[in-house]
2 protein chains.
Amino acid sequence: MSSPAMSSPASPSPPRTGPYERTHRTTPTRYRDRVSYDRELVHAILDDGFLCHLGFVRDGAPVVLPTLYGRVGERLYVHGSTGSAPLRAAGRAGEPGMPVCLTVTHVDGLVLARSAFNHSVNYRCVVVHGTARPVTDPEELSTALDALVDQAVPGRAADSRPASAKERAATAVLRVDLDEVSAKVRAGGTDDDPEDLALPYWSGVVPVTAVRGTPVPADDLVPGIPVPGYLTGR
Amino acid sequence: MSSPAMSSPASPSPPRTGPYERTHRTTPTRYRDRVSYDRELVHAILDDGFLCHLGFVRDGAPVVLPTLYGRVGERLYVHGSTGSAPLRAAGRAGEPGMPVCLTVTHVDGLVLARSAFNHSVNYRCVVVHGTARPVTDPEELSTALDALVDQAVPGRAADSRPASAKERAATAVLRVDLDEVSAKVRAGGTDDDPEDLALPYWSGVVPVTAVRGTPVPADDLVPGIPVPGYLTGR
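Given the structure is predicted, the values throughout are model-derived calculations rather than measurements. (Residues numbered from 1 in each chain as written. Chains lettered and ligands numbered in written order. Predicted model: local features only at pLDDT ≥ 70, side-chain atom pairs only at ≥ 80, totals over all residues. Heavy atoms only, no water.)

Caption draft 1: Structural view of helix 1 (residues 39–47) of chain B. All names here are of chain B. Listed as buried for helix 1 are Arg39, Val42, His43, Ile45 and Leu46. In a view along the axis of helix 1, the buried residues occupy a sector of 165 degrees, so they form one face of it. Taken together, the buried residues of helix 1 touch strand 3 (61–72), strand 4 (75–79), strand 5 (98–112), strand 6 (120–134), helix 3 (138–152) and strand 8 (180–186). (Buried < 20%, exposed > 50% of the residue type's maximum accessible area, 1.4 Å probe, protein only. Helix = DSSP H or I, 4+ residues; strand = E, 2+ residues; numbered from the N terminus. Arc of directions from axis to C-beta. Contact = heavy atoms within 4.5 Å.)

Caption draft 2: Fine view of the relation of the copies chain A and chain B. The transformation that overlays chain A on chain B combines an axial shift of 0.0 Å with a rotation of 180 degrees, and the residual RMSD is 0.0 Å. What the superposition gives is, in effect, a two-fold axis relating one chain to the other. Taking C-alpha positions as the reference, the residue of chain A nearest the rotation axis is Ala210 of chain A, at 2.2 Å. With an isologous cut-off of 70% or more, the 100% of interface residues of chain A that recur at the interface of chain B puts this contact in the isologous class. (Least-squares fit on C-alpha atoms with pLDDT ≥ 70 in both.)

Caption draft 3: Main features of the nonpolar core. Leu102 and Leu110 of chain A together with Leu102 and Leu110 of chain B are the most contacted members of the largest nonpolar core, which totals 89 residues. The element that contributes the greatest number of residues to this core is strand 5 of chain B, accounting for eight residues. Excluding its chain neighbours within four sequence positions, the residues that come into contact with Leu102 of chain A are Cys52, His53, Leu54, Leu76, Val78, Val126, Val127, Val128 and Val176 of chain A. (Core = buried A, V, L, I, M, F, W, Y, C linked by side-chain atoms within 4.5 Å.)

Caption draft 4: How the structure looks around the interface of chain A and chain B. Taken together, the contacts link 87 residues of chain A with 87 residues of chain B. Here chain A and chain B share an interface that buries about 6900 Å² over both sides, 65% of which is from carbon and sulfur atoms. A per-residue breakdown of the area chain A buries against chain B is headed by Pro62, Arg161 and Trp202 of chain A, which together make up 11% of the total. At the boundary of chain A with chain B, the tally comes to six salt bridges. The residue Arg161 of chain A makes a salt bridge to Asp196 of chain B at a minimum N-O spacing of 2.8 Å. Run the count over chain A and chain B and you get 27 residue pairs in polar contact (both at pLDDT 80 or more). (Buried area = accessible area lost by both parts, 1.4 Å probe. Salt bridge = Lys/Arg side-chain N within 4 Å of Asp/Glu carboxyl O. Polar contact = N/O pair within 3.5 Å; in protein donor to acceptor, adjacent residues only side chain to side chain.)

Caption draft 5: Molecular detail of the environment of Arg175 of chain B. Residues and elements named next belong to chain B. Along the polypeptide, Arg175 turns up in strand 7 (residues 173–177). Through-space distance from the C-alpha of Arg175 to that of Leu76 is 5.7 Å; in sequence the pair is 99 residues apart. Side chain to side chain, Arg175 and Glu140 meet in a polar contact 3.1 Å long.

Caption draft 6: Quick peek at unusual backbone geometry. Unlike most non-glycine residues, Asp59 of chain A shows phi in positive territory, near 55 degrees. You can see Asp59 of chain A is positioned in the loop between strand 2 (51–58) and strand 3 (61–72).

Caption draft 7: Representation of the pairing of strand 2 (residues 51–58) of chain B within the structure. All names here are of chain B. Counting buried residues along strand 2, seven of its eight residues qualify, which places the element largely inside the surrounding structure. Two strands pair when backbone bridges link them, and strand 2 and strand 3 are joined in this way by eight bridges, in the antiparallel orientation. Residue pairing for strand 3: Cys52 is matched across the bridge by Thr67. Taking the residues that link successive antiparallel strands as the turn, the strand 2-strand 3 hairpin has two residues, and the phi of Asp59 there is positive, at about 55 degrees. Sheet analysis places strand 2 next to strand 5, joined by three bridges and oriented antiparallel. (Pairing = 2+ DSSP bridges.)

Below you can see the structure in the form of structure tokens.
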């Protein structure tokens, strides 16, 4: 069952340009004006986050679990040790891979229209349909582990103790290629029906942002170690 | 095919107490100390959010889409008009319902250990396994539509124009009962291996919070309408 094609070398995918190809699965039936296949937009939305919701099928039923990801070019890496037996199975060398749907969503605002019906949310979302395959190549595994740390805190991977051989063996990492991808974005203000504009209800947008607070050092931090620049933005 | 049992009346589910029953699907294989079936904890996590990731199976493959939800007692309501044909099909009266997995996740912090391996995220998550069924009872539909608006902004449903008959007919709402449910929580500080404590790497937690900014009124807002108290917290 084992195949060397299961995990290609860590060299990046061939550079691709232009939009992602639209497929049946990435064509929405509603709000078609909100969908985009723009590669840079997809990358930007993915790079603005670090947590995805990973869906797979177990015993015919859907399962959706939150997990961390890291993007390297046209590949996403996710932790396969999410407590799910099928995911861990997909992570074993020799398995054919597992169909997954990986979704990343940022909420940017609450859109309060005069009418309940026209209430909405400003958001940016990327949906990836693909196959999760185990990362077995040692060099690619290193790349993936760094990406998983750096996705949330760029620069952190180089400023932490690298994984030992034992830790690497305990970490199942899956790869999902960015082939069948779409973005969906809702931005801007309220979109009320003309006949609602004079109604006596407040209307507008409440911005929502994921804010990072002041880093809290560990109680047992070695004295004298400053908060790193990649956390303070300096 | 139509069955009166498809949508029971809008009266709330019989009150239930005590933890949710653990099932095979809600028993994790890793981090079992992080899982909980506590009903109040599940409710609190759900009530702290308004966006879920809804998973279902289409042509044998998983699909995960972000959508809004509202909780009413032991029921969740979600918009079925998410652009997905299967979801809309599940929303038609007479359909037997659709297996779904509905997941809500809040990120509370980035946990930076000395070792890359022990990096983690503080989070609160609820995973609901169940069946999405259409809401057809008119009274329950009203309750559901209000809940969908009030979940994000409590008090807003009563301060907006209610849906017209035409709008109600255009809104597919699905119900998912809270039967097979678990919460998962990671909180607290770093969890480094003892032999890593003396390493010269900063270690600690970066808090993450979803912050709501100052409400931005619509350009065409009727002059003199103040920002409502349910948005200012006053």
